[in-house]
Amino acid sequence: MFISYPAGFDRSGAITLFCVFFGCFRRNPVVLCRSNHTNEGSCFRLPSKNAPQRNQSIEFCKFAAALIVVLLHITFPGKVSDVIATIGKVPVPLFFTISGYFNWQCGRDEVLRKIRKLLRLWLLAWVFAVAVGVAATELNGGSTAAYLKTYLRLDAEEIARLLVLHQEPRNAQLWYLLSLVFCDLFLVLYLDFRRETVPDYRPLYTLGACQFAVFWLFGCIAAPAGMSVPYLVFFNGYCFGFSFFVFGIFLHEYQQQILRNLKLTPKKLLLLFAGGVGLSLLQSFTIGSGLLPLGGILEIPALMLLMIACPLSPRTGLSRWFLRRCGRWSAYIYVFHVTLIGFYRKVLQAPLIARLGEPEAWLAPLICLALSIAAAALYDSASRLLRSMRSVSKDSV
């Protein structure tokens, strides 16, 4: 396989690995004009610099991925749980990739603002979990004081796992937020160290590729090789999150070259994505999927490129209203869903089983999805209302 590199391209380190997969790239990409695709080779043309910063296709994909995560934490009858478990291993690395994508060329202050937002989400998840836990305890006739004493008491080992491995002792799904905080903090330190007007991310690409190689060897191939890899060692910001986070930055910087040089069309991207899903399912039902199915290596780039090249442009008021909220709702669904699933199991499941019997197992996912979406929508509406009231009070003063 022969690859022609542009003049002046840095061939050192693991950047070459990216080039082998994606083709040849230039250091400073040229922003193309707005168009769905050109007639020359059916190659995409991406939105201009004056286009909105947030891609609505990506926001919708985050919403759909958050729903898959909800289904991942619910038990389905039969083989459906195995299929959901395989597909459900892709959304979290996709979240890291999307976060990195939107951090491209962000300044230090903007990244710090994102860190504060993540910490507020983490605090919100704890407050929500305590409130729902107290409500479930009261409805079941338990002791609220005993519940709070048990829930809020943390030992030294739990605190160490929280700070070092980003593992939440009470809300397991929040490891993603803590790992993303680590990725953002590392990016802030990198920007402070480089002190460049236009950041050069190529050293980060090399580091991310090396980290992913370690994760690939020990996380993805462990199950087929018969190795036992501790869950806590890999699901954190160091090994799992950072490589996908950097990959998102890489996609944003070289998105034009990837789509132009490979002459990608929606059909090709959909076929790549479908091939990745098929490979993941095949691996899951044969040799085992490990911590990340091999098909995820195709699914995540194909899905990201499809969303980048085909941004949604809603025309009706309802679809525009929904898409503008998808990004926020996805975050709230992610931080609320485990608590709401626990509430369903403690309070609602037993009465439904007594009344419905076996159909309850199929109804439970729909109920948990509805509870998660409703909680996210209600909190988003309440927070927006409070912000508007606060701004009105400041204007009046």
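Residues numbered from 1 in each chain as written. Predicted model: local features only at pLDDT ≥ 70, side-chain atom pairs only at ≥ 80, totals over all residues. Heavy atoms only, no water.

### Notes on the overall build of the chain
Then, in step 1: A count of helices and strands for the chain gives 16 helices and zero strands.
Then, in step 2: Expressed as a percentage of the 397 residues in the chain, the buried residues total 45%.
Then, in step 3: About 20300 Å² of surface is accessible on the chain, with carbon and sulfur atoms providing 65% of the total. (Helix = DSSP H or I, 4+ residues; strand = E, 2+ residues; numbered from the N terminus. Buried < 20%, exposed > 50% of the residue type's maximum accessible area, 1.4 Å probe, protein only. Areas by Shrake-Rupley, 256 points an atom, 1.4 Å probe, with all protein chains shown as cover.)

### Focus: the nonpolar core
Then, in step 1: Residues Phe96, Tyr176 and Met304 are the most contacted members of the largest nonpolar core, which totals 93 residues.
Then, in step 2: Residue contributions to this core peak at 13 residues, all from helix 15 (residues 317-356). (Core = buried A, V, L, I, M, F, W, Y, C linked by side-chain atoms within 4.5 Å.)

### Observations regarding the side chain of glutamate 360
Then, in step 1: Checked against the element boundaries, glutamate 360 lands in helix 16 (residues 360-396).
Then, in step 2: Buried and unpaired, glutamate 360 has no salt bridge, with arginine 345 as the nearest side chain of opposite charge at 8.0 Å. (Lys, Arg positive; Asp, Glu negative; His and termini not counted. Salt bridge = Lys/Arg side-chain N within 4 Å of Asp/Glu carboxyl O.)

### Digging into the pattern of salt bridges
Then, in step 1: Across all of its chains, the model carries nine salt bridges by this definition.
Then, in step 2: With its nearest N and O atoms 3.7 Å apart, the salt bridge here joins lysine 62 to glutamate 59. Of the two residues, lysine 62 and glutamate 59 are both situated in helix 2 (residues 56-72); the distance of three residues between them amounts to about one turn of the helix.
Then, in step 3: Residue lysine 62 is classed as buried on the basis of its relative accessible area, which comes to 17%.

### With respect to the packing of aromatic side chains
Then, in step 1: Per the stated rule, a full pass over the model turns up 26 aromatic pairs.
Then, in step 2: Between phenylalanine 212 and phenylalanine 244, the aromatic rings sit 5.7 Å apart at their centres with planes inclined by 85°, giving edge-to-face as the arrangement. With phenylalanine 212 in helix 9 (residues 202-220) and phenylalanine 244 in helix 11 (residues 237-253), the pair connects residues that are 32 residues apart, well separated along the chain.
Then, in step 3: Assessed through its relative accessible area of 6%, phenylalanine 244 is described here as buried.
Then, in step 4: By way of ring pairs, the aromatic residues Phe60, Phe63, Trp321, Phe322 and Trp329 are connected into one cluster. (Phe/Tyr/Trp six-rings, centres within 6.5 Å; stacked < 30°, edge-to-face > 60°.)

### So, a positive patch on the surface
Then, in step 1: Together, Arg116, Lys117, Arg120, Arg384, Arg387, Arg390 and Lys394 line one region of the surface with positive charge.
Then, in step 2: Secondary structure elements with two or more residues in the positive patch: helix 5 (108-139) and helix 16.
Then, in step 3: The dominant element in the positive patch, judged by the number of residues it contributes, is helix 16, at four residues.
Then, in step 4: Examined against the element boundaries, arginine 390 turns out to sit in helix 16. (Patch = residues over 30% accessible without salt bridge, like charges linked within 9 Å, V, L, I, M, F, W, Y side chains within 5 Å. Charge placed at Lys NZ, Arg CZ, Asp CG, Glu CD.)

### Section: a nonpolar patch on the surface
Then, in step 1: Where nonpolar side chains cluster on the molecular surface, the patch consists of Leu154, Ile159, Leu163, Val164 and Tyr238 and spans about 420 Å² of accessible area.
Then, in step 2: Top contributing element to the nonpolar patch by residue count: helix 7 (residues 156-164), with three residues.
Then, in step 3: Topologically, tyrosine 238 is positioned in helix 11.

### Some words on helix 15
Then, in step 1: Taking 1.5 Å of rise per residue, the 40 residues of helix 15 would be expected to cover 58 Å, yet its terminal C-alpha atoms sit only 39 Å apart, more than 12% below that figure.
Then, in step 2: Most pronounced at leucine 348, the bend in helix 15 amounts to some 55°, and the proline proline 351 follows within four residues.
Then, in step 3: Phi turns positive one or two residues past the end of helix 15, at glycine 357, with a value near 80°. (Expected span 1.5 Å × (residues − 1). Bend = angle between axes of the 7 residues up to and from the residue.)

### Some thoughts on the packing of helix 3 (residues 80-87) against helix 13 (residues 266-284)
Then, in step 1: At a minimum axis separation of 10 Å, helix 3 and helix 13 run at an interaxial angle of 125°. Classified by the angle their axes make, helix 3 and helix 13 are oblique. Every pair of crossing elements has a handedness; the one defined by helix 3 and helix 13 is right-handed. Contacts between helix 3 and helix 13 involve Asp82, Val83 and Thr86 from the former and Ser280, Leu281 and Ser284 from the latter. (Axes fitted to C-alpha atoms, helices over the stretch in contact; angles between N-to-C directions. Parallel < 35°, antiparallel > 145°, perpendicular 65-115°, else oblique. Left-handed = near helix turned anticlockwise from the far one by under 90°. Contact = heavy atoms within 4.5 Å.)

### Some points on the confidence of the model for the chain
The predicted coordinates of low-pLDDT regions are not to be read in fine detail.
Then, in step 1: With 79% of its residues at a pLDDT of at least 70, the chain reaches an overall mean of 80.
Then, in step 2: Considering only residues more than four positions removed or in separate chains, one finds that residues 1-52, a stretch of pLDDT under 50, has 101 contacts. (pLDDT = per-residue confidence, 0-100.)

### A few points about unusual backbone geometry
Then, in step 1: Positive phi, close to 50°, is recorded for arginine 195, a residue that is not glycine.
Then, in step 2: A residue is classified by how much of its surface remains accessible, and arginine 195, at 71% relative accessible area, is exposed.
Then, in step 3: Within the chain, lysine 263 stands out as a residue other than glycine whose phi angle is a positive 50°.
Then, in step 4: Along the chain, the position of lysine 263 falls in the loop between helix 12 (255-261) and helix 13.

### Brief notes about the packing of helix 11 against helix 14 (residues 296-309)
Then, in step 1: In the contact formed by helix 11 and helix 14, the axes pass within 12 Å of each other and the chain directions differ by 40°. Crossing geometry of helix 11 relative to helix 14 is assigned as right-handed. Counted together, Phe244, Phe247 and Leu251 of helix 11 and Ile300, Pro301, Met304 and Leu305 of helix 14 form the full contact between these two elements.
Then, in step 2: Taken together, the residues of the contact of helix 11 with helix 14 break down into seven nonpolar, no polar and no charged. (Nonpolar A, V, L, I, M, F, W, Y, C, P; charged D, E, K, R; others polar.)

### Considering the environment of proline 77
Then, in step 1: Tracing the backbone shows proline 77 in the loop between helix 2 and helix 3.
Then, in step 2: The exposure class of proline 77 is partly exposed, given its relative accessible area of 24%.
Then, in step 3: Sequence separation between proline 77 and tryptophan 362 is 285 residues, and the spatial gap between their C-alpha atoms is 7.5 Å.
Then, in step 4: Setting aside residues no more than four positions away along its own chain, proline 77 makes contact with Ala361 and Trp362.

### Concerning the environment of asparagine 171
Then, in step 1: Among the secondary structure elements, asparagine 171 is positioned in the loop between helix 7 and helix 8 (175-194).
Then, in step 2: Residues asparagine 171 and tryptophan 122 lie 49 residues apart in sequence; the distance between their C-alpha atoms is 9.6 Å.
Then, in step 3: Setting aside its immediate chain neighbours within four residues, asparagine 171 contacts Trp126, Ala129, Tyr151 and Thr339.
Then, in step 4: Here tyrosine 151 takes part through its side chain, which lies 3.3 Å from a polar atom of the side chain of asparagine 171. (Polar contact = N/O pair within 3.5 Å; in protein donor to acceptor, adjacent residues only side chain to side chain.)

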